Amino acid sequence: MDFTLIFENIGIYFTGLQNTVVLVSISLVLGLLLAVPLAVLLNYGNNSIRLPIRAYIYFFRGTPLLVQMFLVYYGFGQFDLIKDSLLWPFFKEAYFCALFAFTLNTGAYTAEILRGAIKATNHGEIEAAMAAGMSKLLMIRRIILPSAFRRALPAYSNEIIFMLHGSALASVITIVDITGAARIINSRYYSPYEAFVTAAVFYMTLTFIIVFLVKKLEVRWFAHLQPQSNNPAIEAPP
Amino acid sequence: MNDRNISVVLEDIHKRFDANEVLKGISLSARSGEVISVLGPSGSGKSTLLRCINLLEIPDSGRLFVSGEEVLLKRSRNRTMPADMKQVERIRSKLSMVFQQFNLWSHMTILQNVIEAPVHVLKIPKDKAIQRARMYLDKVGIPDKADAYPVHLSGGQQQRAAIARALAMEPEVILFDEPTSALDPELVGEVLQVMHTLADEGRTMIVVTHEMGFAREVSSRVIFLDGGLVMEDGSPAEVFEHPATERFSAFIKAMV
């Protein structure tokens with residue numbers, strides 16, 4: 001086992017780290033921005049709006065991320081309509097294709113998480129908002145979404161971690177992410193163990209950071225669920 | 001209907017849920033400053049009547065006026081709906097409601113609960129709303145709970161916070177929907193006391209309740225509902241001493 005070759009080539013891993021972080025962050029942010037209105041419409045929209053949203057979610061949850069990425073990266077080039085369009089400069093880039101597939105994928109899962117969280121809003125709190133004279137939009141913005149985000153956070157933190165690990169698939173379409181870096185090292189030195197253990201350490205570190213940040217957000221957002229500080233903590237039964 | 005002293009007028013309100021006709025033609029007017037207790041056995045339509053006033057339920061037919069303005073309703077696909085949601089929102093902002101289950105917004109502190117609608121619905125500047133909120137929290141006796149979350153309060157404290165939230169809208173009428181029914185017996189008193197203070201201040205209140213003591217001693221008018229109709233309507237003295245109907249005498253006997 002020879003980790004010196006990893007230290008000599010650590011630069012590749014840092015390039016990979018940067019690509020992974022950028023790719024995952026952008027797709028998570030865009031996916032969330034996409035998911036919020038879709039989740040609201042799934043709860044409060046009429047049938048003609050809900051049906052296409054349901055179809056979108058069903059497709060992206062019903063097929064593997066790898067297949068979705070291949071459809072975009074290899075598949076779109078097959079259509080002249082896309083090849084001749086202004087979008088082609090984007091879709092011929094592997095990086096953009098991965099970003100596109102990841103965003104739509106996480107958007108679908110996140111919309112479903114949020115849909116449930118919105119549906120579980122205490123009806124009494126909604127009535128209180130209506131009785132106070134709030135418009136539907138104000139109520140969604142001030143009462144329903146803040147409350148739903150809190151309920152959704154534990155499930156969404158899972159989605160963040162799945163997305164991070166799912167992003168390893170980007171290495172299949174030539175992108176040098178963390179896994180891509182490991183594959184380069186492996187093929188250059190034929191030392192799969194060192195190469196992929198290093199990748200694993202990078203992913204674990206990122207996961208640790210995510211878990212830490214979510215925990216901090218939980219402390220802030222779940223203050224309304226915590227026992228008061230002067231109360232004795234609830235102890236686990238013996 | 002331009003009489004300034006009339007806060008709420010109901011004319012021949014009907015409401016049914018599927019086959020069950022809950023309100024069978026209720027007419028009622030509440031003058032400003034009146035404290036009306038609405039009594040009745042469960043299933044008599046008391047809560048539905050109250051919820052029709054702020055349009056949490058939409059009456060199937062009949063007319064509704066709030067501070068001189070008629071609520072516009074329309075028929076569409078065999079259902080009655082508000083014709084203008086903006087009008088409904090405006091009218092709701094003049095009518096606060098206090099719920100049986102308090103319904104405080106659980107992710108907000110008590111102070112945030114109280115300033116939420118004044119700031120975002122009435123567009124009152126935040127510092128002024130906070131000032132006002134503290135005054136009302138003081139009035140209901142929980143000034144020290146401003147930064148607590150609803151779950152950290154007892155039921156009685158939560159209901160008083162909900163009353164402060166209702167007051168902060170400076171409404172023309174406060175609707176109480178069985179405000180003490182979800183409380184432990186020893187907590188009922190503190191809420192009734194706050195309501196008593198509000199009645200003495202001359203606030204217009206419509207109170208659906210099972211508290212006979214409150215109806216008899218605090219309210220200026222008692223209405224007894226049974227089977228979706230108004231059976232009694234008068235001052236507590238008249239109604240309790242000389243019930244017009246056999247049903248009400250039986251109801252009082254059963255309650256005592």
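Up top is the structure.
Please read these numbers as outputs of a predicted model, since none were measured by experiment.

Draft legend 1. Molecular detail of the overall build of chain B. For chain B, the count of helices and strands is 9 helices and 12 strands. For 256 residues, the compact-globule estimate of 2.2 N^0.38 gives 18 Å, and chain B sits close to it at 18 Å. Over its C-alpha atoms, taken along the principal directions, chain B stretches across nearly 50 × 45 × 35 Å. Buried residues in chain B amount to 57% of all 256 residues. Residue pairs at least 24 apart in sequence account for 64% of intrachain contacts in chain B once pairs closer than 6 positions are excluded. In the structure as shown, chain B presents an accessible area of about 11100 Å², 47% of it carried by carbon and sulfur atoms.

Draft legend 2. Inspection of the overall build of chain A at higher detail. Broken down by element type, chain A carries 11 helices and 0 strands. When the elements of chain A are put in sequence order from the N terminus, they spell out α-α-α-α-α-α-α-α-α-α-α. Looking at chain A residue by residue over its 238 residues, the buried ones come to 46%. Across chain A, the fraction of contacts at a sequence separation of at least 24, relative to all contacts at a separation of at least 6, is 78%. When the accessible area of chain A is evaluated, it comes to approximately 13100 Å², of which 68% is carbon and sulfur surface.

Draft legend 3. Quick peek at the interface of chain A and chain B. The interface is formed by 24 residues belonging to chain A together with 25 residues belonging to chain B. Per-residue buried area on chain A facing chain B is highest for A:Glu125, A:Ala131 and A:His224; these three make up 25% of the total on that side. Our count for the contact surface shared by chain A and chain B stands at 2 salt bridges. A:Arg142 is paired through a salt bridge with B:Glu116; the nearest N and O atoms lie 2.7 Å apart. Summed over the shared surface of chain A and chain B, the number is 5 residue pairs in polar contact (both at pLDDT 80 or more). Residues of the side of chain A that touches chain B, tallied by class, amount to 11 nonpolar, 7 polar and 6 charged.

Draft legend 4. Examining the packing of aromatic side chains more closely. Enumeration according to the criterion identifies 16 aromatic pairs over all chains in this entry. A centroid spacing of 6.2 Å and a plane angle of 65° characterise the contact between A:Phe76 and A:Phe100, whose relative ring orientation is edge-to-face. Here A:Phe76 is found in the loop between α4 (65-75) and α5 (80-83), whereas its partner A:Phe100 is found in helix α7 (residues 94-119), with 24 residues between them in sequence. Plain terms: the ring middles of A:Phe90 and A:Phe96 are 5.2 Å apart, the flat faces sit at 40° to each other, and that makes the pair tilted. The class of A:Phe90 is partly exposed, set by a relative accessible area of 44%. Here A:Phe96 falls in the partly exposed class, since its relative accessible area comes to 26%. Connected via pairs of aromatic rings, a cluster forms that spans A:Phe76, A:Phe90, A:Phe91, A:Phe96 and A:Phe100. The residue whose ring lies beneath B:Arg165 is B:Trp105, and the NZ or CZ to ring-centre distance is 4.4 Å. It is B:Arg216 that lies over the ring of B:Phe240; its NZ or CZ is 4.4 Å from the centre.

Draft legend 5. Expanded view of unusual backbone geometry. Residue and element names in this part refer to chain B. Of note in the backbone geometry, Asn 78 takes a positive phi value of approximately 65° without being a glycine. Mapped onto the secondary structure, Asn 78 falls in the loop between β6 (73-76) and β7 (79-82). For Asn 78, a relative accessible area of 70% corresponds to the exposed category. Phi at Phe 102 takes a positive value of approximately 65°, unusual for a residue other than glycine. Residue Phe 102 is classed as buried on the basis of its relative accessible area of 9%.

Draft legend 6. Main features of the nonpolar core. One finds A:Met134, B:Val8, B:Leu10, B:Leu95, B:Leu175 and B:Ile206 to be the most contacted residues of the largest nonpolar core, which totals 65 residues. In contact with B:Leu175, other than residues within four places in its own chain, are B:Leu50, B:Ile53, B:Asn54, B:Leu95, B:Ser96, B:Met97, B:Val98 and B:Ile206. The next biggest cluster of nonpolar side chains, apart from the first, holds 41 residues, and it includes B:Val140, B:Ala148, B:Phe214 and B:Val218.

Draft legend 7. Expanded view of the sheet that holds strand β10 (residues 204-208) of chain B. Residues and elements named next belong to chain B. Taken together, the 6 strands give an open sheet; going across it, the order is β8-β9-β10-β3-β11-β12, and neighbouring strands pair in mixed fashion. Of all the strands in the sheet, just β8 (95-98) and β12 (229-234) have a single pairing partner and so form its edges. Put simply, the sheet's adjacent strands are angled 15° from each other on average, direction ignored. Where strand β11 (residues 221-226) lies against β12, 5 bridges are found, and the strand directions are antiparallel. By the bridge assignment, Asp 226 is partnered in β12 with Leu 229. Helix α5 (residues 155-167) rests against β8 and β9 (173-177) of the sheet, and its axis sits at about 175° to β8.

Draft legend 8. A look at helix α2 (residues 85-92) of chain B. Along α2(B), the residues classified as buried are B:Gln87, B:Val88, B:Glu89, B:Ile91 and B:Arg92. Along its buried surface, α2(B) packs onto α8 (123-131) and α9 (136-166) of chain A together with β4 (61-66), β5 (69-70), β7 and β8 of chain B. Between the side-chain oxygen of the N-cap and the backbone nitrogen of B:Lys86 there are 3.0 Å, and the N-cap of α2(B) in question is B:Asp84.

Draft legend 9. Broad picture of the sheet that holds strand β1 (residues 6-17) of chain B. Residues and elements named next belong to chain B. An order of β2-β1-β4-β5 is seen for the 4 strands of this open sheet, with the pairing classed as antiparallel. Two strands bound the open sheet, and with one partner strand each, they are β2 (20-31) and β5. Contacts from helix α1 (residues 46-53) reach β1, β2 and β4 within the one sheet, and its direction differs from that of β1 by about 125°.

Draft legend 10. Representation of the packing of helix α2 (residues 10-44) of chain A against helix α11 (residues 192-221) of chain A. All names here are of chain A. Across the interface, α2 lies against α11 with an axial gap of 12 Å and an inter-helix angle of 40°. Put simply, α2 runs oblique to α11. Viewed along their axes, α2 and α11 form a crossing whose handedness is right-handed. Here α2 contributes Tyr 13, Phe 14, Leu 17, Thr 20 and Val 21 to the contact with α11, which in turn contributes Glu 194, Ala 195, Thr 198, Ala 199, Phe 202, Tyr 203 and Leu 206. In terms of residue class, the contact of α2 with α11 is built from 9 nonpolar, 2 polar and 1 charged.

Parameters at a glance
Residues numbered from 1 in each chain as written. Chains lettered and ligands numbered in written order. Predicted model: local features only at pLDDT ≥ 70, side-chain atom pairs only at ≥ 80, totals over all residues. Heavy atoms only, no water. Helix = DSSP H or I, 4+ residues; strand = E, 2+ residues; numbered from the N terminus. Rg over C-alpha atoms; globule rule 2.2 N^0.38 Å. Buried < 20%, exposed > 50% of the residue type's maximum accessible area, 1.4 Å probe, protein only. Contact = heavy atoms within 4.5 Å. Areas by Shrake-Rupley, 256 points an atom, 1.4 Å probe, with all protein chains shown as cover. Buried area = accessible area lost by both parts, 1.4 Å probe. Salt bridge = Lys/Arg side-chain N within 4 Å of Asp/Glu carboxyl O. Polar contact = N/O pair within 3.5 Å; in protein donor to acceptor, adjacent residues only side chain to side chain. Nonpolar A, V, L, I, M, F, W, Y, C, P; charged D, E, K, R; others polar. Phe/Tyr/Trp six-rings, centres within 6.5 Å; stacked < 30°, edge-to-face > 60°. Lys NZ or Arg CZ within 6 Å of the ring centre and 35° of its normal. Core = buried A, V, L, I, M, F, W, Y, C linked by side-chain atoms within 4.5 Å. Pairing = 2+ DSSP bridges. Axes fitted to C-alpha atoms, helices over the stretch in contact; angles between N-to-C directions. Parallel < 35°, antiparallel > 145°, perpendicular 65-115°, else oblique. Left-handed = near helix turned anticlockwise from the far one by under 90°.

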